[in-house]
Amino acid sequence: MIKNSKKVIFYAGAILLAVFYVVVLWWGQNPKVGLEYRMYYITHELSDWPGYGKLSYVPGTVEYCTGLKDRNGKDVTWQVCRRKGKGWNTEQYEGSKNSADKAYVYYVLAEALEHAEYQVEINEFTGDGEVFVYCNDKNVGSFRQTGVFTFEIGELKKEELTTIRFEAEDCTFSLWSTMITE
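For every chain, the first residue of the written sequence is number 1, and numbering continues from 1 along that sequence. The predicted origin of the model limits local features to residues at a pLDDT of at least 70 and limits the giving and counting of side-chain atom pairs to 80 or more, whereas totals for whole chains, interfaces and linings rest on all residues. Side-chain numbers come from the whole structure's heavy atoms, not from hydrogens or water.

## Some remarks on the overall build of the chain
Then comes step 1: Tallying secondary structure elements over the chain gives two helices and eight strands in all.
Then comes step 2: Secondary structure of the chain in N-to-C order comes out as α-α-β-β-β-β-β-β-β-β.
Then comes step 3: Our radius of gyration looks at C-alpha atoms and nothing else; its globule reference is 2.2 Å times the residue count to the power 0.38. Here the chain has a C-alpha radius of gyration of 23 Å; the compact-globule value for 182 residues is 16 Å, and the former is much larger.
Then comes step 4: Along the three orthogonal principal directions, the C-alpha set of the chain runs to about 85 × 40 × 35 Å.
Then comes step 5: Evaluated residue by residue, the chain yields a buried proportion of 36% over its 182 residues.
Then comes step 6: Long-range pairs, those at least 24 residues apart, make up 65% of the contacts in the chain between residues at least 6 apart in sequence.
Then comes step 7: Here the chain has roughly 11200 Å² of accessible surface; of this, 53% comes from carbon and sulfur atoms.
Then comes step 8: Positive: Lys, Arg. Negative: Asp, Glu. His and the chain ends are not part of the count. The atom standing in for a charge is NZ when the residue is Lys, CZ when it is Arg, CG when it is Asp and CD when it is Glu. One way to put it: in the chain the 20 positive side-chain charges average out to a point 16 Å from where the 25 negative ones average out. Put simply, DSSP marks the helices as runs of H or I at least four residues long and the strands as runs of E at least two long, and each gets a number from the N terminus on. Each residue gets one of three labels from its accessible area relative to the maximum for its type: buried under 20%, exposed over 50%, partly exposed in between, using a 1.4 Å probe on protein chains only. In what follows, a contact means two residues having at least one pair of non-hydrogen atoms within 4.5 Å. Reported accessibility uses the Shrake-Rupley method at a 1.4 Å probe radius. Residues are deemed covered only where the shown protein chains occlude them.

Next up, the structure:
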């Protein structure tokens, strides 16, 4: 009798331990974390850590695509774009230069826009190619030189992730500033 109850306790403990391991594995695959944490630490889509809730964007805010410090190590005085994804060089003193054929910028709008426009300032362009700009996988235009470019991107929903993708063909470019407006 004692032998049987020991077996029952042993098997019950083994079953509980197995269930616990399955739950831990499921939590590891489906963590309940913020969007920024997921994109930076888990999926590695972000190249800069923006901070929790910092992908949120107020339309009309100009952001400069530099680092938080200048070449001398002093803090910069402008709003820095900390929403860049893969495809950008790490050195960002005079803008963010693409380091791959595809480079990304992410936004979570604080308010919905019916007729949104995306404006970029390109301060360096080398090569004979062209850069195609996509908003949520929809081609919204292209550029082949330095300057300020505005792309009509249409409707954007509040608190949904908006992905801007730059596809460079046979060229490199440097993104100085970026802004979404209506």
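## Re the packing of aromatic side chains
Centre distance and the angle of the planes are the two values used to describe a pair of aromatic rings.
Then comes step 1: By convention, a stacked pair of Phe, Tyr or Trp rings (six-membered ring in the case of Trp) has centres within 6.5 Å and planes under 30 degrees apart, an edge-to-face pair has planes over 60 apart, and any other such pair is tilted. Taken as a whole and assessed by the stated rule, the structure comprises 21 aromatic pairs.
Then comes step 2: Look at Y40 and Y41: their rings are 4.8 Å apart centre to centre, the planes differ by 90°, and that puts the pair in the edge-to-face class.
Then comes step 3: The exposure class of Y41 is partly exposed, given its relative accessible area of 43%.
Then comes step 4: By way of ring pairs, the aromatic residues Y57, W88, Y107, Y118, F125, F143, F149, F166 and F173 are connected into one cluster.
Then comes step 5: Definition used: whenever NZ (Lys) or CZ (Arg) falls within 6 Å of the ring centre and also within 35 degrees of the ring normal, the charge is taken to sit over that ring. The ring of Y134 carries R165 above its face, with NZ or CZ at 4.2 Å from the centroid.

## Focus on the pattern of salt bridges
Then comes step 1: Within this document, salt bridges are pairs made up of a side-chain nitrogen of Lys or Arg and a carboxyl oxygen of Asp or Glu, the two lying within 4 Å of each other. Counted according to the given criterion, the structure contains nine salt bridges.
Then comes step 2: Among the ionic contacts, a cluster of salt bridges with common partners joins D48, R82 and K84.

## Details of the environment of N139
Then comes step 1: By the secondary structure assignment, N139 is in strand β6 (residues 138–143).
Then comes step 2: You can call N139 partly exposed: its relative accessible area is 40%.
Then comes step 3: Taking the C-alpha atoms as reference, N139 lies 65 Å from K7; in sequence the two are 132 residues apart.
Then comes step 4: Residues within four places of N139 in sequence aside, it is in contact with F132, V133 and Y134.
Then comes step 5: Between N or O atoms, a polar contact is any pair within 3.5 Å; within protein, one atom must be a potential hydrogen donor and the other a potential acceptor, and residues adjacent in sequence are included only when both atoms are from side chains. Polar side-chain contacts of N139 include one of 2.9 Å to the backbone nitrogen of G141.

## Section: the nonpolar core
When a protein is soluble and globular, its nonpolar side chains tend to lie buried together.
Then comes step 1: The definition of a nonpolar core used throughout is a set of buried Ala, Val, Leu, Ile, Met, Phe, Trp, Tyr and Cys residues joined through side-chain atoms within 4.5 Å. Counting residues in hydrophobic clusters, the biggest one holds 31 residues, and the most contacted among them are V105, Y118, F143, F166, F173, L175 and I180.
Then comes step 2: Going through the elements one at a time, β4 (102–109), β5 (113–135), β6, β7 (147–156) and β8 (161–181) are the ones with two or more residues in this core.
Then comes step 3: Once residues lying within four places of it in the same chain are set aside, the contact partners of Y118 are V105, Y107, V133, F149, T150, F151, I153, I164, F166, T178, M179 and I180.

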